[in-house]
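Given next are the chains, with one letter for each unit.
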Amino acid sequence: GTLNLSGNALTSSGALTVTPAAGSNLNIALATTGDLVVNTNQLYVDTSAGNIGIGTSAPGSRLDVVGGAAHIMSDAGTANIGYATTPGSLYIQQDLEVDGNVYLGDAIADTLTVAGSLNLAGGAIYSGPVTITTTHAGALIVRQESSGTQIFNVDTAAGNVGVGSAVPAARLDIQGGDLHVGTGT
């Protein structure tokens, strides 16, 4: 191939290969006002802000990935985090551990959907209302951990609440124990 240097442009008629010596880095030094750009927006390094964009020429954070799938691979080459089937979603294949707060959604209408079990451990603190909406008759069931026995059951189809009853037969169905009504002293 031919390598041409004309003004500020370096062009090659074939693939351009730069091979540093073994154990050496390939360093590209840019002025703080110059950016590194590969094919307009395939890879964009904003040197003044320190941001990197893939698929965007205007990265607004340390790493912006726009369009297509993004995968973070384990050492075995298996995708642990990837792009879900819905654009704008994130798929996590294995465990997600967060040391800090997790915020889901940005409006009252946002929804958390859990397919499978939801376990709340530790000192769970809730501020604001908790709404459970379901089309299933057993909307809210509290079980004893060791035996799996239902302690509390809200039957949304019949509108009944059971304490110690898996199938509450009345608006309030208390089984297997005493009912205590006190003054709260």
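It should be noted that the structure appears before, not after, this text.
The following paragraphs examine the structure supplied in this document. Model, not experiment: these values are computed from the prediction. (Residues numbered from 1 in each chain as written. Predicted model: local features only at pLDDT ≥ 70, side-chain atom pairs only at ≥ 80, totals over all residues. Heavy atoms only, no water.)

Attention now goes to the overall build of the protein. When helices and strands are tallied, the protein shows 0 helices and 13 strands. The N-to-C order of helical and strand elements in the protein reads β-β-β-β-β-β-β-β-β-β-β-β-β. Looking at the 185 residues of the protein, the share that counts as buried comes to 10%. Partitioning the intrachain contacts of the protein with sequence separation of at least 6 by distance along the chain shows that 0% fall at a separation of at least 24. Carbon and sulfur atoms form 54% of the exposed surface of the protein, whose accessible area is close to 15100 Å². (Helix = DSSP H or I, 4+ residues; strand = E, 2+ residues; numbered from the N terminus. Buried < 20%, exposed > 50% of the residue type's maximum accessible area, 1.4 Å probe, protein only. Contact = heavy atoms within 4.5 Å. Areas by Shrake-Rupley, 256 points an atom, 1.4 Å probe, with all protein chains shown as cover.)

In this section: the sheet that holds strand β3 (residues 36-38). Backbone hydrogen bonds are what pair the strands of a sheet, in a parallel or an antiparallel way. Ordered in space as β3-β4-β5-β6, the 4 strands form an open sheet in which the pairing is mixed. Since the sheet does not close on itself, it has two edges, and those belong to β3 and β6 (63-65), each with one partner. Taking the axes of each pair of neighbouring strands and ignoring which way they run, one obtains an average angle of 10° across the sheet. Bridge count between β3 and strand β4 (residues 43-46): 3 bridges; the pairing is antiparallel. Among the inter-strand pairings, Val 38 is bridged to a residue of β4, identified as Leu 43. (Pairing = 2+ DSSP bridges. Axes fitted to C-alpha atoms, helices over the stretch in contact; angles between N-to-C directions.)

Moving on, we get to unusual backbone geometry. Among all residues save glycine, negative phi is the norm, and among peptide bonds the norm is trans. You will see that Asn 39, though not glycine, has its phi angle at about 50°, which is positive. With respect to the helices, strands and loops of the structure, Asn 39 is situated in the loop between β3 and β4. Although it is not a glycine, Thr 40 adopts a positive phi angle of roughly 70°. Among the secondary structure elements, Thr 40 is positioned in the loop between β3 and β4. What makes Thr 40 exposed here is its relative accessible area of 59%.

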